[in-house]
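So you can see what is in the structure, the chains are spelled out below.
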Amino acid sequence: MTIGVVCGGVGAARFLRALAGVWPAERTVGVVNTGDDTVMHGLAISPDLDTITYTLAEAIDPERGWGLRDESWRAMEALARYAAVRPVGSSAAPTWFNLGDRDLATHFYRTARLAEGATLTAATAEICRAWGLAQRLLPMSDERVSTIVSLADEGIEVSFQEYFVQRRHSVPVDGVRFDGAGSAHLTDASRSALADSEAVVVAPSNPLVSIGPIRALAGVDDVLAARRDTVVAISPIVGGAALKGPADRMLEELGHEASVVGVARLYAPIAATLVIDPVDAHLASQVEAAGMRALVVPSVMNDPAVAHELARRTLAAAGIVVSG
Ligand code: FO1
C-alpha cells in the first residue's frame, strides 16, 4: 500500500518531508516534474528531482531552497575566465545558472549514467540510494519533455530555466507549452504510482509549470479522474500569493484567478478535495462551487508541527487515518 505524490520542486519536497512523519517513507512514491530539466555544460540537470532528494536527505540549502547547504562555488568562479573569451553566439560557459561544487557530482553521475544507456528512472533510483532516501522518486517520463515559456514583452519563447533563473521570473509571460509531451510517455512505474496507490496527493507546487507538465502526458488526467475521490490537492496559493516562485503572477498572466478558487478550477477534474489555508476559509464556498471539497488546514510549512498536521489531515481527506 503506497501513497503517490505528484511533485514539483520546493513545495513538494517540504510536503514529502512532512509526510515521512506520518506515513512510512518506503511506501511513498513521488512522481516528479522533469519539464524544468536542462543541459548545462553538457550536464543533465533535473532541478525538481534534486531539490526533493537533497531536502529529504536534509542536505538542502534552507535559504535558497535548491542546491546543497555549505556549498562552495569554485567551479563557477573558474568559469568566469572562459565566459570572458566566449565568441558571440556561443552559449559555452553560462554563468547565470549556478552549479555548486558538490552539486556538480550529482549532475556528473546522472549524465554519465544516461550516456551509458541508463534510463532517468534508473539513474534517479541510484542517486536516491546514494543519499539514503527511503522514498521512491520517479521522473514523470524517461523521455524529454521541456517546459517552454513565451515572454510577453520580448515576443520570444525561452526554456523554463531561461525564464526562471536567467530572468529571475520577473518578466510577464503569455504562454506555456510542454515540448515533447505529445509523444513522451508516463513511465510504467509512475503510472502505477498514480493508479494503484492507496491515495494520491497533488503537492503544493505550481499548478501550471510544475504539475502542468505531468498532466500534459497522455493518460495522467484520465488515471487521476478515475479515482478522484482519493486524490487530494494542496493549494500552493495562500491568501492570493504563491508560497514560493511566480505561480500567482503566472496564473493571472495566463488567464486564471490567482486564488484557491483559480486552483480549484484547474484541479476539479482530477481531485475531489483541495486543502486551503485558514486565510482563505472565506473562499471555501467558491472552491466548492468550482467542484472541489474545501478542507481548511494551515498549509504554510514553515513550522514542523504545522507541516506534520498538514500531512496527517491531507491523508485523512483521502480516507487514510494515521495516528499521531
Ligand atoms: N535557481 C536559481 O534561482 N538560480 C540558480 O542559479 C539555480 C541553479 C540551480 C542548479 C541546480 C538545481 O538543481 C537547481 C537550481 N536552481 C536555481 C533552482 C531551479 O532552477 C528552480 O527552483 C526550479 O527549476 C523551479 O522548480
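The structure this text deals with has already been given above.
If you're wondering where the values come from, they're calculated on a predicted model, not measured in any experiment. (Residues numbered from 1 in each chain as written. Predicted model: local features only at pLDDT ≥ 70, side-chain atom pairs only at ≥ 80, totals over all residues. Heavy atoms only, no water.)

### Examining the layout of surface pockets
Gaps left between atoms are located by rolling a probe of water-molecule size over the structure's atoms.
Right, so step 1: Here the largest pocket is characterised by a volume of approximately 1,100 Å³.
Right, so step 2: Lining the largest pocket are 45 residues, and of these Val10, Gly65, Trp66, Phe164 and Lys244 lie nearest its centre.
Right, so step 3: Those elements giving two or more residues to the lining of the largest pocket turn out to be α1 (10-19), α2 (47-56), α4 (101-115) and α6 (160-166). (1 Å grid on protein atoms, 1.4 Å probe; cavity = no way out; pocket = protein on both sides within 12 Å on 5 of 7 lines; lining within 4 Å. Points joined across faces, edges and corners; volume = space filled by probe spheres on them. Helix = DSSP H or I, 4+ residues; strand = E, 2+ residues; numbered from the N terminus.)

### Remarks on the packing of aromatic side chains
Right, so step 1: Following the criterion strictly, the structure yields five aromatic pairs and no others.
Right, so step 2: Ring centres of tryptophan 66 and tryptophan 73 lie 6.3 Å apart, and the angle between their planes is 75°; this geometry places the pair in the edge-to-face category.
Right, so step 3: According to the relative accessible area criterion, tryptophan 66 is partly exposed, its value standing at 36%.
Right, so step 4: In this structure tryptophan 73 comes out as partly exposed when scored by relative accessible area, which is 23%.
Right, so step 5: Each ring, one from tryptophan 96 and one from phenylalanine 97, has its centre 5.9 Å from the other, and the planes form 80°; the classification is edge-to-face.
Right, so step 6: For tryptophan 96, a relative accessible area of 24% puts it in the partly exposed group.
Right, so step 7: Note on phenylalanine 97: relative accessible area 8%, which makes it buried.
Right, so step 8: Members of the aromatic cluster, each reached through a chain of ring pairs, are Phe160, Tyr163 and Phe164.
Right, so step 9: Over the aromatic face of tryptophan 23 sits the side chain of arginine 27, whose NZ or CZ is 4.8 Å from the ring centroid.
Right, so step 10: Its guanidinium or amino end placed over the ring of tryptophan 66, arginine 64 lies 4.8 Å from that ring's centre, counting from NZ or CZ. (Phe/Tyr/Trp six-rings, centres within 6.5 Å; stacked < 30°, edge-to-face > 60°. Buried < 20%, exposed > 50% of the residue type's maximum accessible area, 1.4 Å probe, protein only. Lys NZ or Arg CZ within 6 Å of the ring centre and 35° of its normal.)

### Observations regarding the site of the ligand
Right, so step 1: Neighbouring the ligand are 13 residues, the closest being Asp36, Asp48, Trp66, Asn98 and Gln161.
Right, so step 2: In the model, an oxygen atom of the ligand is placed 3.0 Å from a nitrogen or oxygen of the aspartate 48 side chain.
Right, so step 3: Here an oxygen atom of the ligand sits 2.8 Å away from a polar atom, N or O, in the side chain of glutamine 161.
Right, so step 4: Protein coverage of the free-state accessible area of the ligand, which is 540 Å², stands at 88%.
Right, so step 5: Mapping the ligand onto the cavity grids shows that it belongs to the largest pocket. (Near = heavy atom within 4 Å. Polar contact = N/O pair within 3.5 Å; in protein donor to acceptor, adjacent residues only side chain to side chain. Areas by Shrake-Rupley, 256 points an atom, 1.4 Å probe, with all protein chains shown as cover. Sits in = over half its atoms within 2 Å of the grid points.)

### Topic: empty space enclosed by the protein
Right, so step 1: Taken as a whole and assessed by the stated rule, the structure comprises one cavity of 30 Å³ or more.
Right, so step 2: Computed from the structure, the largest cavity encloses a volume of approximately 30 Å³.
Right, so step 3: Forming the boundary of the largest cavity are Leu49, Asp50, Thr53, Arg110, Thr124 and Ile127.
Right, so step 4: Considering each element in turn, the lining of the largest cavity owes the most residues, three residues, to α2.
Right, so step 5: Per-class residue counts for the lining of the largest cavity are two nonpolar, two polar and two charged. (Nonpolar A, V, L, I, M, F, W, Y, C, P; charged D, E, K, R; others polar.)

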